[in-house]
Amino acid sequence: MNKARFAAALLALGAASAHADLPLTVEDLITDKGKVKLDVSLAYANSDRQGVSTAEPITVQTGATSFVTLPTLIGESRGNSDSVVGTLGLRYGLTGKAEIFARTSYLHSSSRASDVSGTSSHSENRFADAWAGINYQFKKDDDTPALLGFTEIALREKHEKSSSSFKSALVGLTTYKAIDPVVFSLTTAYRFNQSRKDGEANYKPGNLFLLNPSIAFAVNDRVTLTTGMQWSNRQADTWDGKAQGFRRTSSDLLLGVGYGISKESTLNLTFKSNVSGSNGADLRLNWLHTF
């Protein structure tokens, strides 16, 4: 099997890009010069919590290293929530080694909570965020593993009461090695946040670090199966300088399948299930089409 057909679902699990899942061909990790790719994804997350008392946020993963954060109420004794995030993105090849990208996300959420005073429910539909960034391939996979870097900045983020611009950014690296018919990959990323106004309060989301090793197996020239894990470390959010909760670590199991519809289109389905840390699971479907 040709190395070019490795459904580098490195890919669907999060290997190389900060903005979304990758295509099934290793050589196509970076969009060809002058080409445009449409990147569409739909993510569903479910979370169930007990004893919540410090307004720790719920995080929906919308891509390999991209997240939408949902604030929660202080004083909940038990809560259950469903969230769906749709993301639309575009990627443009600047050179054979670099591409720029932009994406925007829209959120629908529904939550239920109960405490000693009774039960309550809440739902909302709203804009979530918009980001832009660049991916760059430092070296290809040859005698030593390939190396790609990415960075992105938040153009706009919606919070509980207000919105902010250019207050969050992310940087990361992905390395992978293809040994026919298997691809080994490792992605690391760090998202850092500055303080911003949310209503009358000074709000600072907690910084996030993640590590994602994965293995992709090319079943044939159209289908790839992937497995991996994701370890994350998130600092506590702060409101007016006061920490809401504490630093939390989490380990998640990732399972995925990639399907090459045609040379121009690929589908990736990724399931993330929490192993240790906060409860919950994510299911993400991504479609990538080249024009």
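Basis of the calculations
- Residues numbered from 1 in each chain as written.
- Predicted model: local features only at pLDDT ≥ 70, side-chain atom pairs only at ≥ 80, totals over all residues.
- Heavy atoms only, no water.
- Helix = DSSP H or I, 4+ residues; strand = E, 2+ residues; numbered from the N terminus.
- Buried < 20%, exposed > 50% of the residue type's maximum accessible area, 1.4 Å probe, protein only.
- Contact = heavy atoms within 4.5 Å.
- Areas by Shrake-Rupley, 256 points an atom, 1.4 Å probe, with all protein chains shown as cover.
- Phe/Tyr/Trp six-rings, centres within 6.5 Å; stacked < 30°, edge-to-face > 60°.
- Pairing = 2+ DSSP bridges.
- Axes fitted to C-alpha atoms, helices over the stretch in contact; angles between N-to-C directions.
- Core = buried A, V, L, I, M, F, W, Y, C linked by side-chain atoms within 4.5 Å.
- pLDDT = per-residue confidence, 0-100.

Attention shifts here to the overall build of the chain. Regarding its fold elements, the chain presents zero helices and 19 strands. Here the chain holds 291 residues, and 48% of them are scored as buried. Put simply, 58% of the contacts in the chain that link residues at least 6 apart link residues at least 24 apart. Of the roughly 13,100 Å² of accessible surface on the chain, 61% is carried by carbon and sulfur atoms.

Right, let's get into the packing of aromatic side chains. Counted according to the given criterion, the structure contains four aromatic pairs. Ring centres of Tyr136 and Phe138 lie 5.1 Å apart, and the angle between their planes is 70°; this geometry places the pair in the edge-to-face category. Taking the relative accessible area as the measure of exposure, Phe138 reaches 47% and is therefore partly exposed.

Let's shift gears to the sheet that holds strand β12 (residues 201-204). Within a sheet, adjacent strands bond to each other through the backbone by hydrogen bonds, running parallel or antiparallel. Pairing in this open sheet of four strands is antiparallel, and the strands run β11-β12-β15-β16 from one edge to the other. Edge strands, defined here as strands with exactly one partner in the open sheet, are β11 (196-198) and β16 (242-244). With direction set aside, neighbouring strand axes in the sheet form an average angle of 40°.

Attention shifts here to unusual backbone geometry. For the bond from Asp180 to Pro181, the omega torsion is 5°, close enough to zero to count as cis. The backbone of Phe166 sits at a positive phi, close to 60°, despite the residue not being glycine. Structurally, Phe166 is set in the loop between β8 (163-164) and β9 (168-179). A positive phi angle is found at Asp240, which is not glycine, with a value near 50°. Looking at where Asp240 falls in the secondary structure, it is placed in the loop between β15 (237-239) and β16.

Moving on to the pairing of strand β18 (residues 265-276). Pairing of strand β17 (residues 248-260) with β18 involves 10 bridges; the strand directions are antiparallel. Of the residues in β18, the one forming a bridge with Gly256 is Thr270. With antiparallel pairing between neighbouring strands as the criterion, β17 and β18 make up a hairpin whose turn holds four residues. Of the strand pairs in this sheet, β18 and strand β19 (residues 281-290) are connected by nine bridges, and their pairing is antiparallel. Across the sheet, Leu267 pairs through a bridge with Trp287, a residue of β19.

In this section: the nonpolar core. One finds Leu29, Ile30, Ala146, Leu148, Tyr176, Ala178, Val183 and Ala216 forming the largest nonpolar core, which totals eight residues. Counting residues per element, the ones that place at least two in this core are β7 (146-158) and β9. In terms of nonpolar packing, the next biggest core, distinct from the first, is built from seven residues, Ala43, Ala45, Val60 and Ala128 among them.

Before going further, it helps to spend a moment on the side chain of Asp282. When you line up the elements, Asp282 lands in strand β19. Residue Asp282 is classed as buried on the basis of its relative accessible area, which comes to 8%.

Summing up the model confidence of the chain, the mean pLDDT is 83 and the portion of residues at 70 or higher is 81%. Ignoring residues within four places in sequence, the model shows residues 1-25, a span with pLDDT below 50, making 131 contacts including any to other chains.

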